[in-house]
Amino acid sequence: MNILIVDDDANARKTLGDILKANGFEVEEAATGSEGVRSCEAKFFNLVLIDVRLPDISGLEVLQAVRALHDEESVLIMITSYASLDSSLEAMNKGAFSYFTKPINIDAALVVITKGLEKQRLSLDNKRLFKELAEANKKLEELDKRKSYFVSNVSHEIKNPLTVIRESMKLLLDNLVGKVNPEQKEILEMGKRSTERLIRLASDLLDLQKIEAGMMDLRKEKIAMDALVWEVIQNFEIELFKKRLNFQKEIQANSGFLFGDRDKLTQVFINLLSNAIKYTPEGGNIVVKLEGNEKEIRFEIVDSGQGIPEGQREMIFNKYTRLMTEKQEGTGLGLPIVKEIVELHKGRVWVESEPGKGSRFIFTMPRDCRAEVPRLEQPRAVVPSVGS
């Protein structure tokens, strides 16, 4: 530990210096304020003891000069007489750790010095830890970038051949390259479904990487929302029929237009509807609602599935979170992607649910996502009526 004593009293410097050396400190002395500042410019001192009254510049000026050189690292303690006590108090307001008075009580001075050096040790340890943490975060960010790049590339490379496999199976199933018997058709259907599931996974991963990289742009156009929802529903008619689901549509005929990205909004509707079908038991109920007013549109999809426990409702929009993993296939990415797309359109999405009484997924969105929309409080949860 290096200590600098800045005092014009040679006897005081020597007495205090000898005691500090006897306690294991390395001590240097300066007889003037300017000399003390030059010493601090030349090297770092753990602690600087500064007399308030010096022959050239004031102790307060020395304090400010040393503080500018070493920021918060050097511990600065003022030495003062009772007559200049106010100056020491002012010095503490400007960064001094403490002060002690002349004539110096050595035991009391050593206590103050020890406390100051302990504070410095903790401060330096914190700075070192913050530096190490910043370096570790930098490495993690680099690893995350590499991971994202790897996942994106692999997903892209996987998606292309899977698409070719799916289309090849479709050709076989459509008997375009020869007739297939029922047993072969069943195997091909199984392979096609598995391939489509892998394509969805690759697509979700690619979308997620774009979102995390801030690269998911919106291609904005004027969209008739009722027509878009009808189009999505038609794509699910076979699945609805197979599960014998009671499907009800409440689509406002004049729900109007929305200025947004058609493909991304289609993906939102597909993810929400496929999710409802997946978690609704055979013979259950699904209701799709679309309505709008002058400023925004509101979409709801209500199912009579098993519902979501209260503690899990906030989790379902988190990345890589999927409920009921033991019963349902999925990536856990569909709802997080829904949330990101809705928020890119300046909208908001939430779920209302109760175990055993189904779920209601809702999103609202401004007519024009270019407009600034104030964030509102999330509505209080309401239990859906379907299936109750």
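Residues numbered from 1 in each chain as written. Predicted model: local features only at pLDDT ≥ 70, side-chain atom pairs only at ≥ 80, totals over all residues. Heavy atoms only, no water.

1. Looking at the nonpolar core
Ranked by size, the top nonpolar core spans 40 residues in total, and within it Met225, Leu272, Leu273, Phe299, Ile301, Phe361 and Phe363 carry the most contacts. Counting only elements with at least two residues in this core, the list comes to α6 (182-212), α7 (225-235), α9 (262-279), β9 (285-292), β10 (296-303), α10 (334-344), β11 (348-353) and β12 (359-366). If we skip the residues at most four places from it in the chain, Met225 touches Ser255, Gly256, Leu258, Leu265, Phe269, Leu290 and Ile297. If you look at the next biggest cluster of nonpolar residues, it comprises 18 residues, including Val37, Cys40, Ile50 and Val66. (Core = buried A, V, L, I, M, F, W, Y, C linked by side-chain atoms within 4.5 Å. Buried < 20%, exposed > 50% of the residue type's maximum accessible area, 1.4 Å probe, protein only. Helix = DSSP H or I, 4+ residues; strand = E, 2+ residues; numbered from the N terminus. Contact = heavy atoms within 4.5 Å.)

2. A short note on the sheet that holds strand β1 (residues 2-6)
Within the open sheet, the five strands sit side by side as β2-β1-β3-β4-β5. Their pairing is parallel. Of all strands in the sheet, those bounded by a partner on one side alone are β2 (26-30) and β5 (98-101). Neighbouring strand axes in the sheet, compared pairwise and without regard to direction, differ in orientation by 20° on average. The sheet strands contacting helix α2 (residues 33-42) are β1, β2 and β3 (47-51), and the helix crosses β1 at an angle near 160°. (Pairing = 2+ DSSP bridges. Axes fitted to C-alpha atoms, helices over the stretch in contact; angles between N-to-C directions.)

3. A few points about the packing of α9 against α10
Across the interface, α9 lies against α10 with an axial gap of 9 Å and an inter-helix angle of 145°. Helix-helix and strand crossings are classified by hand; for α9 and α10 the assignment is left-handed. Facing α9, whose interface residues are Lys264, Gln267, Val268, Asn271, Leu272 and Asn275, α10 presents Gly334, Leu335, Ile337, Val338, Ile341 and Val342. (Left-handed = near helix turned anticlockwise from the far one by under 90°.)

4. Looking at a negative patch on the surface
On the surface, a cluster of negative charge is made up of Asp8, Asp9, Asp56 and Glu61. Position of Asp56 relative to the elements: it lies in the loop between β3 and α3 (59-70). Residue Asp56 is classed as partly exposed on the basis of its relative accessible area, which comes to 37%. (Patch = residues over 30% accessible without salt bridge, like charges linked within 9 Å, V, L, I, M, F, W, Y side chains within 5 Å. Areas by Shrake-Rupley, 256 points an atom, 1.4 Å probe, with all protein chains shown as cover. Salt bridge = Lys/Arg side-chain N within 4 Å of Asp/Glu carboxyl O. Lys, Arg positive; Asp, Glu negative; His and termini not counted. Charge placed at Lys NZ, Arg CZ, Asp CG, Glu CD.)

5. Some points on the packing of α2 against α3
The geometry of α2 relative to α3 is characterised by a closest axis approach of 10 Å and an angle of 10° between their N-to-C directions. As summarised for this structure, α2 and α3 are arranged roughly parallel, according to the angle between their axes. In this structure, α2 uses Gly33, Val37, Cys40 and Glu41 to contact α3, whose residues at the interface are Val62, Ala65, Val66, Leu69 and His70. For the contact of α2 with α3, the per-class residue count stands at six nonpolar, two polar and one charged. (Parallel < 35°, antiparallel > 145°, perpendicular 65-115°, else oblique. Nonpolar A, V, L, I, M, F, W, Y, C, P; charged D, E, K, R; others polar.)

6. Looking at a nonpolar patch on the surface
Judged by side-chain polarity, Leu171, Leu172, Leu176 and Val177 come together as a nonpolar surface patch covering roughly 360 Å² of accessible area. Relative to the elements of secondary structure, Leu176 occurs in the loop between α5 (106-173) and α6.

7. Re the packing of aromatic side chains
What the rule picks out here adds up to four aromatic pairs. Ring geometry for Phe269 against Phe299: centres 4.7 Å apart, planes inclined by 65°, an arrangement best described as edge-to-face. Within this pair, whereas Phe269 is found in helix α9, its partner Phe299 is found in strand β10, the two being separated by 30 residues in sequence. Comparing Phe269 with Phe299 shows no difference in burial state: the two are buried. Here the aromatic rings of Phe317 and Phe361 are separated by 6.3 Å at their centres, their planes lie at 75°, and the arrangement is edge-to-face. Here Phe361 lies in strand β12 and Phe317 lies in the loop between β10 and α10, a separation of 44 residues in the sequence. (Phe/Tyr/Trp six-rings, centres within 6.5 Å; stacked < 30°, edge-to-face > 60°.)

8. Observations concerning the pattern of salt bridges
Tallying each qualifying case throughout the model produces 19 salt bridges. Between Asp125 and Arg121 there is a salt bridge, with the nearest N and O atoms lying 3.0 Å from each other. Taken together, the residues Asp125 and Arg121, both in helix α5 and four residues apart, mark about one turn of the helix. Residue Asp125 is classed as partly exposed on the basis of its relative accessible area, which comes to 23%. According to the relative accessible area criterion, Arg121 is partly exposed, its value standing at 37%. One salt bridge connects Glu352 with Arg360, and the closest N-O pair in it is separated by 3.8 Å. Per residue, the accessibility class of Glu352 equals that of Arg360, and both read buried.

9. Brief notes about the sheet that holds β10
Taken in spatial order, the five strands line up as β7-β9-β10-β12-β11 in an open sheet, and their pairing is mixed. Each edge of the sheet is formed by a strand with only one pairing partner; in this case those strands are β7 (246-251) and β11. Each neighbouring strand pair of the sheet contributes to a mean axis angle of 10°, computed without reference to strand direction. Pairing analysis gives six bridges linking β7 to β9, with the strands arranged parallel. From the neighbouring strand, Asn246 faces β9, where its bridge partner is Asn285. Sitting on the sheet, α7 is in contact with β7, β9 and β10, with an inclination near 170° to β7.

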